[in-house]
Structures are given as C-alpha cells and as structure tokens.
Amino acid sequence: MEFRQLEYFLAVCEELHVTKAAEKLGVSQPTLSLQIRALENEFGVTLFDRIGKRIALTEAGRMLREQGGDILRRMQYARDSIHDLRSFRLGTVSVGVLPSDLDYRITQLLIEYYQEYPQVKLSITPSIEIEQLVLTGQADIGVGLMPVKDERLVTIPVCTEEYGLVVSEHHPLADRHSIAFAELEEVGMVMYPIGAIGRTLVDVTFKSHGFVMKTIMETGSVTSILQLVKANIGATVQPIALIESINDPAFRCIKIEGGAPERHLCVIYQSDRYLGQAAKLFIQKTIAYFGGPKE
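Novice: Which parts of the structure should I look at to understand the environment of Leu25?
Specialist: You can see Leu25 is positioned in helix α2 (residues 18-25). In the structure, Leu25 is positioned 17 residues away from Tyr8 in sequence and 7.6 Å away in space, judged by C-alpha atoms. Residues in contact with Leu25, not counting those within four places in the same chain, are Tyr8, Ala11 and Leu32.

Novice: Help me out: how do you make sense of the packing of aromatic side chains in this one?
Specialist: Given two aromatic rings, one states the distance between the centres and the angle between the planes to describe the pair. All told, the structure shown has seven aromatic pairs when counted by the stated rule. Arranged with centres 5.3 Å apart and planes meeting at 80°, the rings of Phe206 and Phe211 form a pair that is edge-to-face. Across this residue pair, the class does not change: Phe206 and Phe211 are buried.

Novice: How should helix α7 (residues 197-208) be read in this particular structure?
Specialist: For α7, which comprises twelve residues, the first-to-last C-alpha distance of 17 Å matches the rise-based estimate of 16 Å (1.5 Å per residue) to within 8%. Restricting attention to buried positions, one finds in α7 the residues Gly198, Arg199, Leu201, Val202, Asp203, Thr205 and Phe206. Positive backbone phi, approximately 95°, marks Gly210, located one or two places after α7.

Novice: For this particular structure, what's the right way to read the packing of helix α5 (residues 99-116) against helix α8 (residues 222-230)?
Specialist: In helix packing, the relevant descriptors are the interaxial angle and the interaxial distance, both defined with respect to the helix axes. Look at α5 against α8: their axes get within 9 Å of each other, and the N-to-C directions meet at 70°. Accordingly, the angle class assigned to the pair α5 and α8 is roughly perpendicular. Residues Ser100, Asp103 and Tyr104 of α5 lie in contact with α8, whose contacting residues are Val222, Thr223 and Leu226. Of the residues belonging to the contact of α5 with α8, the class tally is three nonpolar, two polar and one charged.

Novice: Could you clarify how one ought to interpret the side chain of Ser127 in this entry?
Specialist: Topologically, Ser127 is positioned in the loop between β4 (121-126) and α6 (130-135). We classify Ser127 as buried; its relative accessible area is 15%. Looking at Ser127, its side chain comes within polar contact range of the main-chain nitrogen of Glu129, at 2.9 Å. Sequence-distant contacts of Ser127, defined by excluding residues within four places in its chain, comprise Val97, Leu98, Pro99 and Leu133.

Novice: Looking at this model, I keep getting lost on the side chain of Asp101. Mind explaining?
Specialist: Looking at where Asp101 falls in the secondary structure, it is placed in helix α5. You can call Asp101 buried: its relative accessible area is 3%. Setting aside chain neighbours within four positions, we find Asp101 in contact with Ile106, Arg263 and Leu265.

Thresholds applied
Residues numbered from 1 in each chain as written. Predicted model: local features only at pLDDT ≥ 70, side-chain atom pairs only at ≥ 80, totals over all residues. Heavy atoms only, no water. Helix = DSSP H or I, 4+ residues; strand = E, 2+ residues; numbered from the N terminus. Contact = heavy atoms within 4.5 Å. Phe/Tyr/Trp six-rings, centres within 6.5 Å; stacked < 30°, edge-to-face > 60°. Buried < 20%, exposed > 50% of the residue type's maximum accessible area, 1.4 Å probe, protein only. Expected span 1.5 Å × (residues − 1). Axes fitted to C-alpha atoms, helices over the stretch in contact; angles between N-to-C directions. Parallel < 35°, antiparallel > 145°, perpendicular 65-115°, else oblique. Nonpolar A, V, L, I, M, F, W, Y, C, P; charged D, E, K, R; others polar. Polar contact = N/O pair within 3.5 Å; in protein donor to acceptor, adjacent residues only side chain to side chain.

This is the structure we're talking about:
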C-alpha cells in the first residue's frame, strides 16, 4: 500500500463522491478509481458499496478509514520532526487556552515568548474544550484544567491557584480581608452559567460545604462578569491570580477561609504526537511563567 493510495482513499471517504474527491485532489476520476480498486485488490475486500452514483463505506472501509487517518497523522509528525532536525527551524505552535486566561493571563506570556523567539508563529485559540482541540489536532498544546481523563494526553502540572471572593470597592464587604466560607451562602453572586467549566468547580466546592451558591446574574464572559461586579451588581468567585493580574483598584479580592475552591492548571499534548522545538520551548516557558505547581 502506498501513502498516496491511502490519501486518495481518505479523500473519497470525506466526499463520498469519487468525482468530487478527484477534483479536490487534482487528479482525474479514472486515476482515482484505479487507485481505489488497487487498494481493494491488495486487501482483498470491498471498501465502498457502490449504489448507482452514490457510494457508502463498507465495514472494512470504516476500519481502514479509522486506522488510515492515524497512519497519515503519524507520517506527518515524522515529516515535521525530520524537517525540524534538518533545517533547525523553530516553526509554528498552535495553543488552546481558556478564554478567561487568554484575556487576562496568557497575553503577557505570549509577549515574552515572542520577544525571545520572534521567528516562531504562534496561533492561539480560546476554548473551553481544550482536550478536544488537542485530540483533533487543532492545537499542538493545550493550557487547561486538571484532571485530564483521556489516556491519549500527556499532562504536565503548571500551578495551583486559589479562588477568592471578588467585590467592588463599594460593596458592603469591600473592607474585609477574609471571609468564612459559611458567610458566602448569603452573598449574591455574578457567575458563569451552570455547567461552564469555571462555574462547575465553584459549585462543587459550595455543595461540599452544604449549600448552593446564590446567583443573581449569569453571563458566559469573564469580562462581563467583572464589569457587573465593578458596577456593584454582585460579587463573584474567581482565581485570585487572575484578579491580581488585572490590577484594577476598583476591585477588592477577599480571601475565603475554610476550604476555598482551587484550580489546577496544566499543559497537555498528545502522547503520540511529535512536538517540535518551538512547542517544547513554549511548554518550558509556560511552566516558568506560572511558577510551577504548588507542593
């Protein structure tokens, strides 16, 4: 089997139409059909059911599509590694990050990385589905939250961050330096919607203390949450480091005593994926930037 035949086969799988696949590949329809038949002859099975002008994958075809995609990805990783070795080129890095961290935490890291490695092209994608971005190859690296359950991913702990109660300078609690967790039961909160990654972590901690958070407004953007808090609509519970990075005197960050929520940031990448020098340097820079995991 030639890699070209496998590429042709996967193109037909994607289009489920030989003529369209041929146009996409830039080859003639007879040439493509001939290569598919050669592949079928080599395996001794039918890969496509042909029903008039329509085609559909057979069970054998579905199996080859799944395995063939992995083969081509591994070959591309091999090409990347060899090119990296031969040219000493640092290349490109695609990174998936949580939207709130991109807005207020990661930008300075990007600036520092660029200043040190200006020849590297960085592509940053904000998403709450960090694991999926990495698994589908849309990102080389992800900076997200632990735990990471998929065994195909390598996890490198970066840091542990404690949450605090964030209020405006005009809030009744603005003069407090700390607050007992039990007192939070009566505090009106502005938070992410239920089910959002930043909300779930806080909700679990509240429930472990025997009560449910009192929310008066929900929004999916950390920027809007903080604007609402600044307008004294309510308080919020956010990572202390995030609020400190904003450095806005209109906010007060109050330490939560007796079991504050914590988040554990990590870098993830696929275990079977080649990481170029640029990606490895980004991981090292990220660990140093966040200071490493708390012992």
